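# Structural overview for review
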Amino acid sequence: MSNSAKAEAVLALHRFGMGPRPGSIAAIGTDPRGALIAELDRPLTLTAAANLPSSAKAYRTVADANARRTARAKQAQQQAKKQQMAAAPVMSEDQAQTQGQTQGQGQEKDAAEMAAKQAADAIPDPGRPIYLQEAKLRTEAALAADIGFAERLVWFWSNHFCISANRIQSMSGAYEREAVRANALGRFVDLLLAAEGHPAMLFYLDNLESMGANSTAGINRSRGLNENIAREIMELHTLGVRTGYTQDDVISFANVLTGWTLVPPGADPEHGGQFIFNPRLHEPGGQTVLGKRYEQEDAEQGRAVLRDLAAHPATATHVATKLARHFVLDVPPPALVEQMAKTFRDTEGDLKQVAIAMVSSDEAWRAPPSKLKRPGEWVVGMARATGITIVDPVRFTGGQELLGEPLWRPSAPKGYPDDEASWIDGVGRRLDVANNFAERITGMADPQVIIEDLFASEIAPEVKQAVGRAESRQQALALLFMSADFQRR
Amino acid sequence: MGVVNHLPTRRELLVGSSALFAWSQMPRIARAEGRDPRLLVIVLRGALDGLGAVAPVGDPDWLSLRGDRALVLDGKTPALPLDAFFALNPAMPNLHRLYKGGKAAIVHAIATPYRERSHFDGQDVLESGLVKPGMTSSGWLNRALLALESGGRVDPRGSRALGIGSVTPLVVRGSAPVMTWVPQKLLPASEDTQNRLLDLYQHTDPKLATVLQARMKLASLGGAPGTGDAMSDDPTLMPPGIARVRAYFAEAAGTAARYLAKPDGPRVGAMGFVGWDTHIAEGAASGQLYNLLGALDGAFAAIESNMGAAWQETVVAVVTEFGRTARINGTQGTDHGTGTVAFLIGGALTGGRVIADWPGLKPAQLFEDRDLKPTTDLRAVLKGLLRDHLRVEERVLADAVFPGSADVKPMGGLVG
């Protein structure tokens, strides 16, 4: 392989993949663009996913445990109260009034609450082990991929259609598998329908109990419409902010989506946690969204709006811009964005074709490596460089958290940002993580081998020199992992 | 805690006979004398500047060699006098106290047989006990342990040797079972690593350099020791400062001592401390090296107190792969050299002296006109300790523990 081909292979691994790992340069061969495209034809199958619960099953498991916790807590609380009453001295009304009645009651309440909490804590939360297994599966997929372009696309779309495990931990990993991974190389409209109709998203964006004012349930109750999901779908998932939709569009669309909810877990041990359209919550009648009338009577109404949003030209531009910003440059070249948006429009949102359009464009390769890898990419990159294939999910998710990108826990529906300014101040923390990681793996990784074999020596001479002069192998590895060549792409 | 190399069959045989365990973990001959010796080896990775740690203040060429970077008895931070000729770095009051009490010795102008200047190879020779690098994957301390059991039998519980850190130091690796303990605290990136990274960024990525510089500034403002960074929301990842290094050294060394002190615990241990490669702004009297030596001194105090009664039967050997240039370089630091010091502390020592066949500091007296010339072979010291403290036979020391060292006689009289 010529030096320029090697350089392009290394760039392909950093910019579009999960970073170099043993054998990846050879796997790419002389045609990096072709290799990236070829990987999209054979994305990884996660065989271990067969052992993991579906989102509905995971949700039921956690709901069951919660129900048992509540029952146990209630029981304990009642018992504690009974004991206190039996032990309390009998006071006259006057005495009680003069001796600080409220204080005494407060103490009783505290003791009962503590008893309740202890009883509840005795039943462990099954959500965390599920989350950790899912984290392990996802991370090991990133380590196993030859290049990792398809995995990077899964990560991108997962962040675009993010939910938060802080609110719905049980489903967080299964959501990604069921809604995102299954559609990341398909058509955008299918991805959109899968994501917005997924119980995890409906839970996260507060749609479960959203009801139309004139729905059967709405007439009888004081509760009503929740606009959250309708707004975020238009602002974040499809059209993009300030693209012409109005507050009325948001309200109409929110009405359209009333009734999109899930089967209550307690009510149905087999289907609890699955998507269901509940007509009792649904606002009857037609709605106008973005000037178009939707007269459908059920979930089809929402699907029709989503299909039109997916086909909207603003969505093509929004999605193309975000993709190019993530992979290529914080301020992506307009020509590249337009090329990708055009492909999106021409192929009715075929996401694989959009990805191919990106890596086929010279613009995507010509940009200087100025993107700062997000913490997740960077950590996976270190593990890949070391040849690690098995992940301790506690350690890995802990590291992600320290670096400010806890897995599946963005602080807002916008997901994690993709620009250098958001992440660069965290570089100091990366040094601690790199130093610690280097200490752990110093026996199994040779920095010179990483530079020569994995990076095909395509690394700044200053880095080679710093690595060569390091006082220990640990320091050499830490410097290598912290180098701009390793953190930027 | 991970324990490797189980020998289940023999373990099954011995289940329930805990007294036998306790005996079998003791070095064989020492036990016959009713002793129960402990040995802890601390490797200072990066090459310690022996002259910055123990200064030859009585040498007429000392001041001209190091100039205003020379440790002196009447400086701003005065060195601590050891004898008429040597003085100790002021960051090490504990070591000074131990020395005055006869429980510490210092060997100066010492080196392994390695005469090149690569850290990795130098550490390999230091820890493998062989004359050349890259020849074995076992360390001299592990082989010494093997030799203590007749017929090479090893303890079935696998707990005779202790390694501290997530990577077992080579010196204690080998076929004798090793248990390892990993400190819970994240080892902070050393000041040296940060300086190197900053230098790298300044040449390759100015934006990253700015960020790193800001962080280093914040760390240097510091807080009280142990309190870390008030601006950080995460107590486990404070910005690296000397307080964290001190805490790490003390925790790691103190834990090693606790295990070694246990009646049924391991009897030898090894650990490594990084950060001694002081090319830039060495700061023997008040900077980098001063801080690191202070942290090491704190580790000594932690060992002494955690050893409890076992301190009387303890020797701690502190060694490094090589020394540094005798002269200060162009960046107020020192480069890779040859001769350096070794610290020996412990209740079992016959200390209170600096052992040195002093080579002098005139240009012609320096090794290759740049380094302190080594006049004592580190293996002589280590062989002396292994022979007189653990009772490893001299023949075994020359053949198996330090192969090819028959002409390096064990140094006598170190323990008493």
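Throughout, residues of each chain are indexed from 1 in the direction in which the sequence is written. The order in which chains are written sets their letters, starting at A; the order in which ligands are written sets their numbers, starting at 1. The predicted nature of this model means local features are confined to residues of pLDDT at least 70 and side-chain atom pairs, given and counted, to a pLDDT of 80 or more, with totals for whole chains, interfaces and linings taken over all residues. Only hydrogens and water are set aside; all other atoms, that is, all heavy atoms of the structure, feed into the side-chain values.

It is worth spelling out the overall build of chain B at this point. Helix and strand assignments follow DSSP, with helices taken as H or I runs no shorter than four residues and strands as E runs no shorter than two, numbered in order from the N terminus. From N to C terminus, chain B includes 14 helices and 13 strands. Here's how the labels work: a residue is buried when its accessible area is under 20% of the maximum for its type, exposed when over 50%, partly exposed in between, all with a 1.4 Å probe on protein chains only. Per-residue burial over chain B gives 59% buried out of 416 residues.

Here we take up the interface of chain B and chain A. Any two residues whose heavy atoms approach within 4.5 Å at even a single point are treated as in contact. At the junction of the two partners, chain B supplies 42 residues and chain A supplies 34 residues. Approximately 3000 Å² of surface area, both sides summed, lies buried where chain B meets chain A, with 59% of it carried by carbon and sulfur atoms. Salt bridges are defined as contacts in which a side-chain nitrogen from Lys or Arg sits within 4 Å of a carboxyl oxygen from Asp or Glu. On the surface where chain B and chain A come into contact, there are two salt bridges. With a shortest N-O distance of 2.4 Å, Asp205 of chain B and Arg488 of chain A are connected by a salt bridge. By the criterion applied in these results, polar contacts are pairs of N or O atoms within 3.5 Å in which, for protein atoms, one can donate a hydrogen and the other can accept it, and in which residues neighboring in sequence qualify only through two side-chain atoms. Connecting chain B to chain A are twelve residue pairs in polar contact (both at pLDDT 80 or more). Elements supplying a minimum of two residues to the side of chain B that touches chain A: α7 (119–128), α9 (191–204), α10 (206–221) and α11 (242–261) of chain B. Looking at the side of chain B that touches chain A element by element, the count peaks at nine residues for α9 of chain B. All amino acids are sorted into three groups, where Ala, Val, Leu, Ile, Met, Phe, Trp, Tyr, Cys and Pro are nonpolar, Asp, Glu, Lys and Arg are charged, and the leftover types, Gly among them, are polar. For the side of chain B that touches chain A, the per-class residue count stands at 18 nonpolar, 13 polar and eleven charged. Using a 1.4 Å probe, buried area is obtained as the accessible area two parts lose upon being combined, added over both of them.

On to the pattern of salt bridges, then. A full pass over the atoms with the stated rule returns 45 salt bridges over all chains. Between Arg303 of chain A and Glu300 of chain A there is a salt bridge; the shortest N-O distance is 3.1 Å. Residue Arg303 of chain A and its partner Glu300 of chain A are both found in helix α15 (residues 299–311); the two are separated by three residues, about one turn of the helix. A relative accessible area of 28% places Arg303 of chain A in the partly exposed class. Glu300 of chain A sits in the partly exposed class, given a relative accessible area of 31%. Among the salt bridges present, the one from Arg117 of chain B reaches Glu368 of chain B, with a minimum N-O distance of 2.9 Å. One end of the pair, Arg117 of chain B, is in the loop between β6 (104–111) and α7; the other, Glu368 of chain B, is in the loop between β12 (353–355) and β13 (376–377), and 251 residues separate them in sequence.

Locating Asp192 of chain B in the fold gives a position in helix α9. Engagement of the side chain of Asp192 of chain B in a polar contact is seen with the side chain of Gln475 of chain A, the distance being 2.8 Å. Contact partners of Asp192 of chain B, with chain neighbours within four places excluded, come to Glu471 and Gln475 of chain A together with Gly275, Asp277 and Gln288 of chain B.

Before going further, it helps to spend a moment on the packing of helix α26 (residues 473–482) of chain A against α9 of chain B. Look at α26 of chain A against α9 of chain B: their axes get within 10 Å of each other, and the N-to-C directions meet at 35°. Crossing of α26 of chain A against α9 of chain B: the hand is right-handed. Facing Gln475, Leu479 and Met482 of chain A of α26 of chain A, the residues of α9 of chain B in contact are Asp192, Thr193, Arg196, Leu197, Leu200 and Tyr201 of chain B. The axes used here are C-alpha line fits, helices contributing only the stretch in contact, and every angle between their N-to-C directions lies in the interval 0 to 180 degrees. Handedness of each helix crossing follows the sense of rotation of the near helix against the far helix: counterclockwise by less than a right angle gives left-handed, clockwise gives right-handed.

To continue, consider unusual backbone geometry. Residues apart from glycine generally show negative phi values, whereas peptide bonds are mostly found in trans. Residues and elements named next belong to chain A. Residues other than glycine seldom take positive phi values, yet Arg242 does so here, at roughly 55°. Relative to the helices and strands, Arg242 is located in the loop between α13 (228–237) and α14 (247–257). With phi around 45°, Ala456 is a residue other than glycine that occupies positive phi space. By secondary structure assignment, the location of Ala456 is in the loop between α24 (447–454) and α25 (461–468).

Residue and element names in this part refer to chain A. Here the term cavity refers to a set of points on a 1 Å grid, laid over the protein atoms alone, in which a 1.4 Å probe fits but cannot get out; the term pocket refers to an open set having protein on both sides within 12 Å along at least five of seven lines, with lining residues being those that place an atom within 4 Å of a point. Grid points are joined across faces, edges and corners, and a volume is the space filled by probe spheres set on the points. Enumeration according to the criterion identifies eight cavities of 30 Å³ or more in this entry. Of the volumes computed, that of the largest cavity is approximately 230 Å³. What lines the largest cavity is a set of 22 residues, and nearest its centre among them are Arg138, Trp155, Asn159, Arg374 and Tyr416. For the lining of the largest cavity, the elements supplying multiple residues, two or more each, are α8 (149–160), α9 (165–181) and α20 (375–386). Residue contributions to the lining of the largest cavity peak at five residues, all from α8. For the lining of the largest cavity, the per-class residue count stands at ten nonpolar, six polar and six charged.

With that settled, consider the pairing of strand β9 (residues 268–274) of chain B. All names here are of chain B. Across the seven residues that make up β9, a large majority, six, are buried. Any two strands are treated as partners once DSSP identifies two or more bridges connecting them. When strand β2 (residues 38–45) meets β9, the two strands line up parallel, connected through seven bridges. Bridge pairing in β9 places Val41 opposite Ala270. As paired strands, strand β7 (residues 161–164) and β9 are joined by four bridges and run parallel to one another.

Turning our attention to the confidence of the model for chain A. Per-residue confidence for chain A averages 91 on the pLDDT scale, and 95% of its residues sit at or above 70. As a per-residue quantity, pLDDT reports the predictor's confidence and falls between 0 and 100. For the stretch residues 91–104 of chain A, pLDDT sits under 50, and the model shows three contacts to residues farther than four places along the chain or on other chains.

Here we take up helix α12 (residues 288–307) of chain B. Given a rise of 1.5 Å per residue, 20 residues ought to cover 28 Å, and the 29 Å separating the end C-alpha atoms of α12 of chain B matches this to within 8%. A positive backbone phi angle near 60° is found at Gly308 of chain B, which sits one or two residues after α12 of chain B. A helix's residues, less one, multiplied by 1.5 Å, set its expected span.

What follows deals with the nonpolar core. In this text, buried Ala, Val, Leu, Ile, Met, Phe, Trp, Tyr and Cys residues form a nonpolar core when linked through side-chain atoms within 4.5 Å. Residues Phe16, Phe149, Trp157, Phe253, Trp378 and Phe481 of chain A are the most contacted members of the largest nonpolar core, which totals 140 residues. Domain start and stop points were drawn from an automatic or database domain assignment. Split by domain, the residues of this core number at least three in each of domain 1 (3–26 + 371–487) and domain 3 (209–293) of chain A. When near neighbours in sequence (up to four residues on either side) are disregarded, Trp157 of chain A contacts Val180, Ala184, Phe188, Leu191, Val319, Leu323 and Leu351 of chain A. Of all hydrophobic cores here, the second largest spans 66 residues; its members include Leu98, Ile106, Ala252 and Leu296 of chain B.

Looking now at helix α16 (residues 313–327) of chain A. Residue and element names in this part refer to chain A. The end-to-end C-alpha distance of α16, which contains 15 residues, comes to 21 Å, matching closely the 21 Å that a straight helix rising 1.5 Å per residue would cover. Of all 15 residues in α16, twelve are buried; the element is thus mostly enclosed. Within α16 the residues assigned to the buried category are Ala314, Thr315, Ala316, His318, Val319, Ala320, Thr321, Lys322, Leu323, Ala324, His326 and Phe327.

We now examine the environment of Pro269 of chain A. All names here are of chain A. For Pro269, the position within the fold is in the loop between β1 (260–262) and β2 (275–277). On the accessibility criterion, Pro269 (67% relative accessible area) is exposed. Sequence spacing of Pro269 and Asp64 is 205 residues, and the spatial spacing of their C-alpha atoms is 9.6 Å.

Before going further, it helps to examine the packing of α11 of chain B against α12 of chain B. Residue and element names in this part refer to chain B. Packing of α11 against α12 brings their axes to within 8 Å, and their N-to-C directions diverge by 25°. Looking at the two axes, α11 sits roughly parallel to α12. The hand of the α11/α12 crossing is right-handed. Contacts between α11 and α12 involve Ile242, Val245, Arg246, Phe249, Ala250, Ala253, Gly254, Thr255, Ala257, Arg258, Leu260 and Ala261 from the first element and Asn291, Leu292, Gly294, Ala295, Leu296, Ala299, Ala302, Ile303, Asn306 and Met307 from the second. Note on terminology: angles under 35 degrees are roughly parallel, angles over 145 are roughly antiparallel, angles of 65 to 115 are roughly perpendicular, and the others are oblique.

As a further point, take the packing of aromatic side chains. Residue and element names in this part refer to chain A. Each Phe, Tyr or Trp ring, with Trp reduced to its six-membered ring, pairs with another whose centre is within 6.5 Å; inter-plane angles below 30 degrees give stacked pairs, above 60 give edge-to-face pairs, and intermediate values give tilted ones. Applying the stated criterion to the full structure yields 23 aromatic pairs over all chains. By way of ring pairs, the aromatic residues Phe156, Trp157, Phe161, Phe188 and Phe344 are connected into one cluster. Over the face of the ring belonging to Phe486 we find Lys373, whose NZ or CZ atom lies 5.0 Å from the ring centre. Lysine NZ or arginine CZ positioned within 6 Å of the ring centre and within 35 degrees of the ring normal marks a charge as sitting over the ring. The side chain of Arg409 reaches across the aromatic face of Tyr131, ending 4.5 Å from its centre.

Let us look at the sheet that holds strand β4 (residues 80–81) of chain B. Within a sheet, adjacent strands bond to each other through the backbone by hydrogen bonds, running parallel or antiparallel. Reading across from one edge, β3-β5-β4 (chain B) is the order of the three strands in this open sheet, with antiparallel pairing throughout. Each of the sheet's edge strands pairs with one partner strand only, and the pair in question is β3 (54–55) and β4 of chain B.

What follows deals with the pairing of β2 of chain B. Side-chain direction in a regular strand flips from residue to residue, so the side chains alternate between the two faces of the sheet. Residues and elements named next belong to chain B. Among the eight residues in β2, eight count as buried, and that is most of the element. Of the two faces of β2, both are covered, the one formed by Arg38, Leu40, Ile42 and Leu44 as well as the one formed by Leu39, Val41, Val43 and Arg45. Sheet topology note: the β2/strand β10 (residues 314–320) ladder contains seven bridges and is parallel. Within β10, the residue paired with Leu39 across the bridge is Val315.

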